[in-house]
Amino acid sequence: MNGTNSTATTLSCKVQKQQPTVVQNKQLNHPRITTMAALDIERCELECEINNFGHRTYLNGRDRLIVRRGQPFTITLHLRSGQFQPGVTTFSFVAETGPCPCESAGTKAEFSLSGAVDLNQWSAAVSCHSGNSVSLSICSPPDARIGRYSLTMTQGGSTRLGDFILLFNPWCPGDSVYMEDEEELKEYVLTQDGLIFRGTEKHITHCAWNFGQFEPGILDACLQLLDMNPKYLSNADQDCSKRNDPIYVSRVVSAMVSNTLNTRDGE
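## A closer look at the pairing of strand E7 (residues 92-97)
- Judged by how many residues are buried, E7 sits mostly within the fold: 5 of 6 residues are covered.
- As judged from the 5 bridges shared by E7 and strand E8 (residues 108-114), these two strands associate in the antiparallel manner. Paired with Glu96 across the bridge in E8 is Lys108.
- Where E7 lies against strand E11 (residues 147-155), 6 bridges are found, and the strand directions are antiparallel. Across the sheet, residue Ala95 finds its bridge partner in E11, namely Leu151.

Quick look at the structure:
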């Protein structure tokens, strides 16, 4: 993977000493003290091309991380020095969205490294490690708030790993937008063009229509549109906390479109 198809976040995280860990010496029957050092991270690779392809978001671009909720994605930490030690090295993560992230509102999640990812909640696990690199699998719950996220790793201090966009996931059975039929998924989610029908009850015609949903800038425009809706402008925190519900998101966008049409009709 070259630099143009991936996002590498350069980090300047120095080694930080954590609290000593007590290890029992069975032969001498007394504890000995070992000191754990935080990972000295040189950079974080968000594996954009691989993740976007696996999450079926590659049509939106491959130069940034765009993933779907309820489905794991992979990032790789490149270490400046030292190695990851299973059972010894430990750290946690913080994923945040919205202007004032809050755990009670569902716009902030703190989760620790575990043995395996849990598809029903924010979770992280080591998928592989070798030499000076550690690959992590991270998963969001199927009812997570959609939008722009920042991802931070904490290990005494905090290290910003990068940003990503989280979308609804119609391929995830736990997501309320789930669709079982693969052909319908291709038609309703991945199709770039189709037909529109118009006319009267007894005379209906159709014509080709380019949806343009994967054109450059369209995803950003959609996210910006959400941040311009009256509910967001009135109470941004409350609006972002409801973005786990596709019905709420649809109604917000529909209201904005209807208001625009009504304004034009009145002119």
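## A few points about the pattern of salt bridges
- Enumeration according to the criterion identifies 11 salt bridges in this entry.
- A salt bridge links Arg62 to Glu49; the shortest N-O distance between them is 3.7 Å. With Arg62 in the loop between helix H1 (48-54) and strand E5 (65-68) and Glu49 in helix H1, this pair connects stretches of sequence that are 13 residues apart.
- Assessed through its relative accessible area of 24%, Glu49 is described here as partly exposed.
- For Glu183, the salt bridge identified is with Lys186, shortest N-O distance 3.9 Å. Highlighted residues: Glu183 and Lys186, both in helix H2 (residues 182-190), separated by 3 residues, approximately one helical turn.
- Given a relative accessible area of 53%, Glu183 falls into the exposed group.
- Since its relative accessible area comes to 42%, Lys186 is described here as partly exposed.
- Here the residues in one salt-bridge network are Arg64, Arg148 and Asp220, joined through shared partners.

The rules behind these values
Residues numbered from 1 in each chain as written. Predicted model: local features only at pLDDT ≥ 70, side-chain atom pairs only at ≥ 80, totals over all residues. Heavy atoms only, no water. Buried < 20%, exposed > 50% of the residue type's maximum accessible area, 1.4 Å probe, protein only. Helix = DSSP H or I, 4+ residues; strand = E, 2+ residues; numbered from the N terminus. Pairing = 2+ DSSP bridges. Salt bridge = Lys/Arg side-chain N within 4 Å of Asp/Glu carboxyl O.

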